[in-house]
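# Descriptive structure summary
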Amino acid sequence: MPRLVKASNSKAERRSERKKIGKLQNQVVLPVTVDRYEAIFQQFLSHSGFARGYFQEHVQEIDGHLSEFIEFLWKDGEPKSYANYAAASVQFFIPEAKRKLVNAWRLISTWNKIEVPVRATPISPEILLGFSGLFQKWKYIRVAQMLLVGYSAFLCTGEMFRVRVEDVVLPRASHQAAVIFLQDTKTSQRHQKQMQWEKVLIKEKLALDALRQLCRQRGRKEFLMDVTVHQFRKLWAEAVSYFQLQDQKIQPYSIRRGGATSAYRLGTTFEELMQQGRWANVATARIYLDEAIQELNTLSLSSTSRRLLRQASRPFVSCKPDRDAWTGGVREP
């Protein structure tokens, strides 16, 4: 989705904020998405044997050729996201094709029903601390700190990159929690004229300390993170390789699943979990958490992975709290 800004009171502030975003036209479809469209669209053209100009003149033929391309992607073992991008790219580059790709979208719908998505494996506190310690060692201090905050707050990957200093309310007393205000993207899509905000609480000492550090010496409008989502995903993949966890399906979304699962396992009330996880449906949340508990309980790590994780998490050993989501164990094979 496009980046978002708050409407400021002064013209100068609005101009400054909008300058960071750039042209409105570039926010309709982000450049990175256009690049993906271009790549898959060229593959479609190559597979069909026709040029873009031909399809612009023979729009009625696109659905058949695109359906054949989707069948090829299915048979060739490509991820189903390629099929979605293929159909979207055709509509992007040939707008006349919209609402005329009936069979292609029907195949994509069938694909979605047949192939169950692979969920990110929830990670235990020990694994999270290992990743955070490694990023500290690699001098990505803010990334390391945001992992601690994201795990405690059950943040989605994209949410970690949208938090600004002004969205954080730090506690004034030791017994208080910090508050992070997050934009409810689902709500905002339903009510595009009004930005809706949700809040999550940070109570754990380790996460609170990290949040304070993230807000220190930063302007109110600045983001807490200092890398892009793309850079973060690349760093994450390098960390997964470093810990030799390539076969464990540990992805950035594992942070949210792991934080929620760890809290659930340690007895956090379901009401608190619902609020922190921002789930609207109780049944959906229960299924989500029950499945994650089972996955975490069956997670087994090699002796090498365990050793590397213990080494990386040493900075946290002496300050690990006793009664929160940072305690728990990794199931050994």
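Residues numbered from 1 in each chain as written. Predicted model: local features only at pLDDT ≥ 70, side-chain atom pairs only at ≥ 80, totals over all residues. Heavy atoms only, no water.

### Here's the deal with the environment of leucine 73
Applicable threshold: By definition, any uninterrupted DSSP run of H or I lasting at least four residues is a helix, any uninterrupted run of E lasting at least two residues is a strand, and each is numbered from the N terminus. In this analysis, two residues are considered to be in contact whenever any of their non-hydrogen atoms come within 4.5 Å of each other.
If you trace the backbone, leucine 73 turns up in helix α5 (residues 62-76). With 13 residues separating them in the primary sequence, leucine 73 and alanine 86 have C-alpha atoms 9.9 Å apart. With near-sequence residues (within four places) excluded, leucine 73 lies in contact with Glu78, Tyr82, Ala83 and Trp111.

### Looking at helix α6 (residues 80-93)
The following threshold applies: Expected span of a helix, by definition, is 1.5 Å for each gap between consecutive residues, and there is one gap fewer than residues. Burial status follows relative accessibility: with a 1.4 Å probe on protein chains alone, a residue under 20% of its type maximum counts as buried, one over 50% as exposed, and anything between as partly exposed.
With 14 residues, α6 extends 20 Å between its outermost C-alpha atoms, agreeing within 8% with the 20 Å of an ideal straight helix rising 1.5 Å per residue. Among all positions in α6, only Lys80, Ala83, Ala86, Ala87, Ala88, Ser89, Val90, Gln91 and Phe93 are buried. On its buried face, α6 sits against α3 (31-48), α4 (52-57), α5 and α7 (102-114).

### Here we look at the sheet that holds strand β1 (residues 168-169)
What counts is decided by this rule: A pair of strands is considered paired only if DSSP assigns at least 2 bridges between the two.
Spatial strand order, β1-β2-β3: 3 strands in an open sheet with antiparallel pairing. Strand pairing shows two members of the sheet lacking a second neighbour, β1 and β3 (197-202), which therefore form its edges. Taken together, the 6 bridges between strand β2 (residues 178-183) and β3 define a ladder with antiparallel strand orientation. Considered in β3, the bridge of glutamine 183 is made with tryptophan 197.

### Some details on the pattern of salt bridges
Applicable threshold: Should a side-chain nitrogen of Lys or Arg be within 4 Å of a carboxyl oxygen of Asp or Glu, the pair is scored as a salt bridge.
One pass over the full model with this rule turns up 9 salt bridges. Glutamate 159 is the partner of arginine 278 in a salt bridge, and the nearest nitrogen-oxygen pair spans 2.6 Å. A residue pair is termed long-range when its members are at least 10 positions apart, and arginine 278 in the loop between α15 (270-277) and α16 (282-297) and glutamate 159 in helix α10 (residues 157-160) qualify at 119 residues. In this structure, arginine 278 and glutamate 159 share a single accessibility class: buried. Between arginine 220 and glutamate 166 there is a salt bridge, with the nearest N and O atoms lying 3.5 Å from each other. Pair noted here: arginine 220 is in the loop between α12 (205-215) and α13 (229-242) and glutamate 166 is in the loop between α10 and β1, with a separation of 54 residues, a long-range link. Taking the relative accessible area as the measure of exposure, arginine 220 reaches 55% and is therefore exposed. Under the relative-accessibility criterion, glutamate 166 is labelled buried at 17%.

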